[in-house]
Amino acid sequence: MHMELRRGGGKPLPRQISETLAQRITSGLLAPGTQLPSVRRLAAELAVSQVTVSKAYEELEKRGLLDCRQGKGCYVANRQLRTPDEGKSWADEYGDYLPRAQLWHNFDSSAVHYSFHVAAIHSSLLPLAPVGAAMAKLVQEQPELMAEYGNFQGDLDLREVMGRHLQVRGMQVTSRDILITSGAQQGIDLVARTFIGPGDAVYMEAPGYTGAIDVFAGRGAEIIPVPVDEEGMRVDILTRLCDRRPPKLIYTNPSFQNPSGVTMSMRKRQRLLELARSYRCLIVEDDPFSDLYFHKPPPPAIKSLDGSGHVVYLKSFSKVLAPGSRIACVAAESGILSRLIAAKSSSDLGSPLLTQKAVLPFIRDEYEPHARMLRSALQRRRDKAIRLLRAYAPSGVTWNTPDGGLNLWLKLPPAADVIRLHGEAEASGISFLHGEVCYAGEAPPGHIRICYAQMWEDEMAEGLRLFLVLLAKHLRSAAE
Ligand SMILES: Cc1ncc(COP(=O)(O)O)c(C=O)c1O
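First things first, this report covers the structure right here in the doc. (Residues numbered from 1 in each chain as written. Predicted model: local features only at pLDDT ≥ 70, side-chain atom pairs only at ≥ 80, totals over all residues. Heavy atoms only, no water.)

### Describing the pattern of salt bridges
All chains considered together, the criterion is met by 25 salt bridges. Its salt-bridge partner being D365, residue R364 comes within 3.0 Å of it at the nearest N-O pair. Residue R364 is classed as partly exposed on the basis of its relative accessible area, which comes to 46%. For K384, the salt bridge is made with D458, and the minimal N-O distance between the two is 3.4 Å. Here K384 is found in helix α13 (residues 367-392), whereas its partner D458 is found in helix α15 (residues 457-479), with 74 residues between them in sequence. Taken together, the shared-partner salt bridges in this structure form one network comprising D229, R234, D236 and K268. (Salt bridge = Lys/Arg side-chain N within 4 Å of Asp/Glu carboxyl O. Buried < 20%, exposed > 50% of the residue type's maximum accessible area, 1.4 Å probe, protein only. Helix = DSSP H or I, 4+ residues; strand = E, 2+ residues; numbered from the N terminus.)

### What to know about the packing of aromatic side chains
Considering all chains together, one arrives at 4 aromatic pairs under this definition. Aromatic pair F216 and Y251: ring centres 6.1 Å apart, planes at 65°, arrangement edge-to-face. In this pair, F216 is assigned in helix α8 (residues 210-218) and Y251 in strand β8 (residues 249-252), connecting sequence segments 35 residues apart. Between W409 and Y439, the aromatic rings sit 6.5 Å apart at their centres with planes inclined by 40°, giving tilted as the arrangement. Here W409, found in strand β13 (residues 407-411), pairs with Y439, found in the loop between β15 (433-434) and β16 (447-451); they are 30 residues apart in sequence, far enough to count as distant. On the accessibility criterion, W409 (10% relative accessible area) is buried. Note on Y439: relative accessible area 9%, which makes it buried. (Phe/Tyr/Trp six-rings, centres within 6.5 Å; stacked < 30°, edge-to-face > 60°.)

### What to know about the site of the ligand
Around the ligand, 14 residues are found, and the nearest of them are A184, D286, S316, S318 and K319. Contacts to the ligand include A184, whose backbone N or O atom sits 2.7 Å from an oxygen atom. Interatomic distance of 2.6 Å between a side-chain N/O atom of K319 and an oxygen atom of the ligand. Among the elements that take part in the shell around the ligand, helix α7 (residues 183-195) stands out by supplying 3 residues, more than any other. Considered class by class, the residues forming the shell around the ligand number 5 nonpolar, 6 polar and 3 charged. (Near = heavy atom within 4 Å. Polar contact = N/O pair within 3.5 Å; in protein donor to acceptor, adjacent residues only side chain to side chain. Nonpolar A, V, L, I, M, F, W, Y, C, P; charged D, E, K, R; others polar.)

### Concerning the nonpolar core
Within the largest apolar cluster, 67 residues are counted, with the highest numbers of intra-cluster contacts made by I121, M162, L406, L412, I450, L464 and F467. By residue number, the principal contributor to this core is α13, which donates 9 residues. Excluding anything up to four places from it in sequence, L406 contacts A119, A120, I121, F289, L292, K319, L378, I450, C451, Y452 and A453. Listed in part, the 31 residues of the second largest apolar core include M204, F216, A221 and I341. (Core = buried A, V, L, I, M, F, W, Y, C linked by side-chain atoms within 4.5 Å. Contact = heavy atoms within 4.5 Å.)

### Let's talk about α7
For α7, which comprises 13 residues, the first-to-last C-alpha distance of 19 Å matches the rise-based estimate of 18 Å (1.5 Å per residue) to within 8%. Within the span of α7, buried status applies to G183, A184, Q186, G187, I188, L190, V191, A192 and F195. (Expected span 1.5 Å × (residues − 1).)

### Section: the environment of T263
Within the element layout of this structure, T263 appears in the loop between β8 and α10 (266-279). Along the chain, T263 and R277 lie 14 residues apart, while their C-alpha atoms are 22 Å from each other. Discounting chain neighbours no more than four positions away, the residues touching T263 are E230, E231, G232, P254, S255, F256, R269, P298 and P299. Here F256 takes part through its backbone nitrogen, which lies 3.0 Å from a polar atom of the side chain of T263.

Structure below.
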């Protein structure tokens, strides 16, 4: 049984093994009743001691994920049949296929005053008035739109507008090559549901977009993390890893990556495409931030270099337009797109027609000046955030300076306990994203993501200053 283990520091080996197996069990990759290798065999395969494997199996048994019987071996438990633990309802124990989702989806943001944890843009910068007015006009003048299911692939007029939008950005696509989805998140989900099954190798940046990790993990994929440097994904490392384990899919967020902020160079974009061609696999290019650059646009989309249909391109309009509109598009080669349309139809029978019609005039006529306004507003916020970090960040804290996008990626000194810090910040009404959720495997300690775009500029600055003071206090008390 293959398993990536990190030796030398970090998480203890029994925990790494139990967490990997727990994820495979809860994702359905290891079905109830499956016999696990004996302690002796797994220890030999992983080159660890038998005590290490025994401890991992014991932990899984305690969690109700394994049934081990003397002389018979260990089997994946049928969790639905277990009686609930004291104080827990049956629903808490009911098996799910979202192994990591509980880590972040249930975050209670009602007490948050300074919101740094969501990668989004403040409502004052979004075109809510024109899109809202277009919506009101449609409801008044064409209420019959609500009586229609519409086209599974998406409204043709909007697809034509999206097609032109992508053509201007160098992509050879028309309305036929486009599917409208409910956010890029649904695009990722449709690709995963259509093309990814248990055990498939999915390569992605580490750190990477947590919403994509959840989706691929939920399909039982083996997510293989690829580190990033200042030019984006380490395609040299990816190439070596692919030699050992051919990819089914490579997911990337190449421009102003969430969370690290780095942008993939042109050279790496070309090499990535060559790699996908040679392995006959898909690249999912998730591109919500490329219009939010501060100095110069990022290199052209990988999709614009793609003559052989290896790239599924996802364009979210959540950041620039409004997350609540849930409007994004997927552009893909016809053989791939037809299957994604089938998945979309079985998922929700098409995105709401009214919303598609309401965002259309804005994307067609007003997008470019709006994007220019956003770029300068976000650059001001980024500059302010960086100035505050220089002034108030305790020594040992390091950060990136992104050339676009919404996020700062901070590395805290080893003394920081991010979980405790999260609690302390929450008690002061401040939120941030724990960096651990941006890794599919073991996360290096001490990373957090801060979004500088989701508040008024002054509010963001005040919140960041308070957070940095709180961080300094946290580190002082850790040193005592
Ligand atoms: C890289 C990336 N992809 C996809 C999404 C989800 O976008 P949408 O709101 O269009 O579903 C996000 C949201 O933060 C993101 O950062």
